[in-house]
Amino acid sequence: MDPGTFDAPLRDQLEIFLDDHRQTLVESLDGLTEEEARRSLVPSRTTLLGLVKHATFVEKVWHDEAMLERTRADIGIPETPDESFVLAPDDTIESVRAAFVEACAQSREVARGRGLDDLVHGNRRGPLPLRFVYLHLLRELAQHCGHADILREQILAARGTS
């Protein structure tokens, strides 16, 4: 992380941390086979590829749904977070990664020009400030980066590399 981050305005710091976590999640797929990225190692639907697909859902929920006030049906995303982990047969590392990178770029564009105290009105909880959205995204991305780190470690250990 750039040392200038320490003295940057709060909004810049939040966005730097968001982008750092987004990049870490994308990189969790680096060097894996399609089978490894889809490998189920826990009882839930959580897989490495599913985590990145879910993160795409999260970006769209907070930016398309909450900020742009579009419905999930209009956005083309599942109704529930659990469903967002489900992988389609044609989901690949490349396609899921590309969708996430695109969703993140769109998220940055949607948030540009909004202040941290500006309210977003399309969330199911009611109006929330952008500050809450950023903090929620940070919490969620950090949690999923931890999940990804553990899953990747298990996959590489089974492969005999780390």
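Data block above holds the structure.
The residue numbering used here restarts from 1 in each chain and proceeds along that chain's sequence as written. At least 70 in pLDDT is required for a residue's local features to be given in this predicted model, at least 80 for side-chain atom pairs to be given and counted, and no such filter applies to totals for whole chains, interfaces and linings, which use all residues. Working from all heavy atoms in the structure, the side-chain values ignore hydrogens and water.

1. Re the overall build of the chain
Thinking step 1. Helix and strand assignments come from DSSP, with helices taken as H or I runs of at least 4 residues and strands as E runs of at least 2, each series counted from the N terminus. Secondary structure assignment for the chain yields 6 helices and 2 strands.
Thinking step 2. N-terminal to C-terminal, the α/β element order of the chain is α-α-α-α-α-β-β-α.
Thinking step 3. With the radius of gyration taken over C-alpha atoms, the globule rule is written as 2.2 Å times the number of residues to the power 0.38. A globule of 162 residues ought to have a C-alpha radius of gyration of about 15 Å, and the chain, at 16 Å, matches this closely.
Thinking step 4. Taking the principal axes of the C-alpha coordinates as reference, the chain spans close to 50 × 40 × 25 Å.

2. Some thoughts on unusual backbone geometry
Thinking step 1. In this structure, Glu69 is a non-glycine residue whose phi angle is positive, near 60 degrees.
Thinking step 2. Inspection of the secondary structure assignment puts Glu69 in the loop between α3 (48–67) and α4 (72–75).

3. Quick notes on helix α1 (residues 10–27)
Thinking step 1. To estimate how far a helix should extend, the number of its residues minus one is multiplied by 1.5 Å. Compared with the 26 Å implied by 1.5 Å per residue over 18 residues, the 26 Å span of α1 between its first and last C-alpha is a close match.
Thinking step 2. Within the span of α1, buried status applies to Arg11, Leu14, Leu18, His21, Arg22, Leu25 and Val26. The buried residues of α1 all sit within an arc of 140 degrees when viewed along its axis, so they share a single face.
Thinking step 3. Any pair of residues with heavy atoms lying within 4.5 Å of one another is described as a contacting pair. At its buried positions, α1 is contacted by α3, α5 (93–111) and α6 (130–159). Exposure classes here rest on a 1.4 Å probe applied to the protein chains alone. A residue is buried below 20% of its type maximum, exposed above 50%, and partly exposed in between. Here, the arc refers to the directions that run from the helix axis to the C-beta atoms.

4. Here's the deal with the environment of Gly115
Thinking step 1. Mapped onto the secondary structure, Gly115 falls in the loop between α5 and β1 (119–120).
Thinking step 2. Looking at Gly115, the relative accessible area reads 26%, which means it is partly exposed.
Thinking step 3. Along the backbone, Gly115 and Thr33 are 82 residues apart, and their C-alpha atoms lie at a distance of 41 Å.
Thinking step 4. Setting aside anything within four residues of it in sequence, one finds Gly115 in contact with Arg11 and Leu130.

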